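The residues making up each chain are set out below.
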Amino acid sequence: MPACNPDAAFDALCIVSRVGASVGGAYRTEVYLFSYLSCVLYIYRQNPVATWGYDFSVTRNGLPFSAPLDHAIDVLMSGALLNEHNGKLEISESGSAELEILQSLGQNSRRVEYIDGATASLLALPMGVLRGALQQQPDLARGRKIGKTRRLFAGDHEDLYDELERLSRAIGVEFSDLMIPAVAWLAYLSRLTQE
Amino acid sequence: MTKFNLDAMFESAESHYGVRIQALAGAPGARALRNILESVKALYARIASETLLGSVVIFHEISPCGPLGNGLGQPEDHRDFSGFPSKKFTDVVISVQGNGSYRCWFVSLENPRDLATSLSPDALVYYFNRTDGDVFILHNIWMQVPKFISGFSSVFSNPTFDDLSEALVHYHHSQAKFSNCWVLRGVWYDPEKRLHLRAAPEELMRRSLEQFLRTCFRDVEVRPEQNMSETNPVDIKMTWYSSGRIAIIEIKWLGQSVDPDTNRKTQNYSAGRARSGALQLATYLSQNAERLIGQQARGYLVVFDARRGGLGAVRTSVKLSVSQQDALQYRDQEIDYSSVKAALDRGDMEKPIRLFLEPVVV
């Protein structure tokens, strides 16, 4: 299998597996979205974004994108660990077996908590609402406003840090289930779409 | 872009039901919330919340206590909710068991709110009915789940569609037909009768449909009022992220509208308005084909039909009632598009969809 970012490859497998179990297959855009939300939760827990393992940009639609993640999906597909069916990614049997092994490795097991918190927000919010909510996040909304792709977390990410710092002061960071702060944050953002 | 307000986020997060449950019951509360949310989603995947007659009470024990649910009669144990659609019941009480199975009571409760509250000292309780919406109860504290989407009785019960025509049919039956969507309720001049629309109802119709589509599609950007050209805005444009496919939705309404300030009729649109909408949409699609070469676009004409018989001409005064026969005169009367057949046969336009908005018939 060609080389790719190992964190991105693990995240892609894990997200497709979880979103697939919840709503049946995952679109590529959803993999970027949940990976970004996982990274937001990682920062929320006061980890430095530089150690997440790969970077993100915002598209002109105001949605997160990650080139390393995109490449990892291609590599996983070429290795038949992920398949595409009706435009949606699904994890194969060999992909599930690989994921099980990878999950047991220390550096990956730490990522599961963030991915689980992010993908479980689908229990409380429909995908369309979740996506619309994220598009209200100022750093992402700016991408849409200027109408071109730009890098995220590249020195101009003060808005997200401010938000997460305020969120953690309001509700703390010691949640046993990161779905809760994720949903609380997204619920506020989704209210902005109605104002 | 709406202004982001950190103080408002602070307040919103603090009062969120998940945050409050964690504060009240710690990790066991958070675990119970996750298990209940999974159960609620699984239940509504089998039974739409709109079809429920009574209340749903789902609880998950937090502190060890005697068996909850005593006094409700003989429970049934279920591994999942697959058998629920064939059951006839008013209220259902469900205990989420540690092994992932469910203990269920199919009952008719005299006071479901009291029952739900009585379980809450020892369990996290989810309570739903169509009037109260979604509520979590813990330690006798009621936590309302914010209703961030219109039209669905429960915020946890929303279908997902891949096909737009299918979604529009669902929108008609679940939201538009009887004005179940609270946004759409605002289109009526006389909501207790639903004979006349308010003047300029198109904005609310568009918003109602737009919210529904945004909620029910996963891979789609839904945007209102897209300017296809300077003179011809379309009402809604949907763009599929993965394929780049585009759907252009043109909305027209039929019936009589009244200005609530003057109580005078302002418009009386008949079937001709729908036909002109078909021609207008065909023009949009032609412009789109020239402007966006390589993108597959399909047009959808959605007609909100509030026509009633016996209302009189637009110059006459507003009638407060008509016979049942007049109120329902157009219910089954499809629109004749034969004079604009060429526009409909162009190959990139779906058959127009008529959403008859039912009057209140006593």
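See the structure above.
Everything numeric in this text was worked out from a predicted model, so none of it was measured.

Caption draft 1: Highlighting the sheet that holds strand β5 (residues 150-151) of chain A. If you trace the three strands from one edge of the open sheet to the other, you get β2-β1-β5 (chain A), paired in antiparallel fashion. Either end of the sheet is taken by a strand with one partner, and the two such strands are β2 (64-65) and β5 of chain A.

Caption draft 2: A look at the interface of chain A and chain B. Contacts between chain A and chain B engage 53 residues on the former and 40 residues on the latter. Summing the contributions of chain A and of chain B, the shared interface buries around 3900 Å²; its carbon and sulfur component is 62%. Together, Leu-123, Arg-166 and Tyr-188 of chain A form the three largest contributors to the area buried by chain A at its contact with chain B, with a combined 18%. Linking chain A to chain B there are three salt bridges. Linking Arg-34 of chain B and Asp-177 of chain A is a salt bridge whose minimum nitrogen-to-oxygen distance equals 2.9 Å. Where chain A packs against chain B, one counts nine residue pairs in polar contact (both at pLDDT 80 or more).

Caption draft 3: Structural context of the side chain of Ser-35 of chain A. Residue and element names in this part refer to chain A. In this structure, Ser-35 sits in helix α2 (residues 28-44). Accessibility expressed as a relative area gives 0% for Ser-35, which makes it buried. A polar side-chain atom of Ser-35 sits 2.7 Å from a polar atom in the side chain of Tyr-54.

Caption draft 4: Quick look at the pattern of salt bridges. Tallied over the full model, the rule gives 27 salt bridges over all chains. A salt bridge links Asp-74 of chain A to Arg-28 of chain A; the nearest nitrogen and oxygen atoms lie 2.6 Å apart. Taken together, the residues span a long stretch of sequence, with Asp-74 of chain A in helix α3 (residues 67-78) and Arg-28 of chain A in helix α2 at a distance of 46 residues. The salt bridge partner of Asp-345 of chain B is Lys-341 of chain B, with a shortest N-O separation of 2.6 Å. Residues joined by salt bridges that share partners form a network here, namely Glu-203, Arg-206, Arg-207, Glu-210 and Arg-214 of chain B.

Caption draft 5: Spatial organisation of unusual backbone geometry. With a phi angle near 50°, Asn-86 of chain A is a residue other than glycine that sits in the positive phi range. On the basis of relative accessible area, Asn-86 of chain A is assigned to the exposed category, the value being 65%. Phi at Arg-194 of chain B is positive, roughly 55°, even though this residue is not glycine. With respect to the helices and strands, Arg-194 of chain B occurs in the loop between α5 (182-185) and β8 (197-198).

Caption draft 6: Geometry of the environment of Glu-90 of chain A. All names here are of chain A. When you line up the elements, Glu-90 lands in strand β4 (residues 88-91). Between the alpha carbons of Glu-90 and Val-16 there is a distance of 6.3 Å; along the sequence they are 74 residues apart. When sequence neighbours within four positions are dropped, the list of residues in contact with Glu-90 reads Val-16, Gly-25, Leu-81, Leu-82, Asn-83 and His-85.

Caption draft 7: Representation of the pairing of strand β3 (residues 82-85) of chain A in the model. Residues and elements named next belong to chain A. With four bridges connecting them, β3 and β4 associate as antiparallel partners. Paired with His-85 across the strands is Lys-88, a residue of β4. Counting the residues in the hairpin turn of β3 and β4 gives two residues, including Asn-86, whose phi is positive at 50°.

Criteria and cut-off values
- Residues numbered from 1 in each chain as written.
- Chains lettered and ligands numbered in written order.
- Predicted model: local features only at pLDDT ≥ 70, side-chain atom pairs only at ≥ 80, totals over all residues.
- Heavy atoms only, no water.
- Pairing = 2+ DSSP bridges.
- Helix = DSSP H or I, 4+ residues; strand = E, 2+ residues; numbered from the N terminus.
- Contact = heavy atoms within 4.5 Å.
- Buried area = accessible area lost by both parts, 1.4 Å probe.
- Salt bridge = Lys/Arg side-chain N within 4 Å of Asp/Glu carboxyl O.
- Polar contact = N/O pair within 3.5 Å; in protein donor to acceptor, adjacent residues only side chain to side chain.
- Buried < 20%, exposed > 50% of the residue type's maximum accessible area, 1.4 Å probe, protein only.

In short, the description is geometric, and any link to function would need to be established separately.
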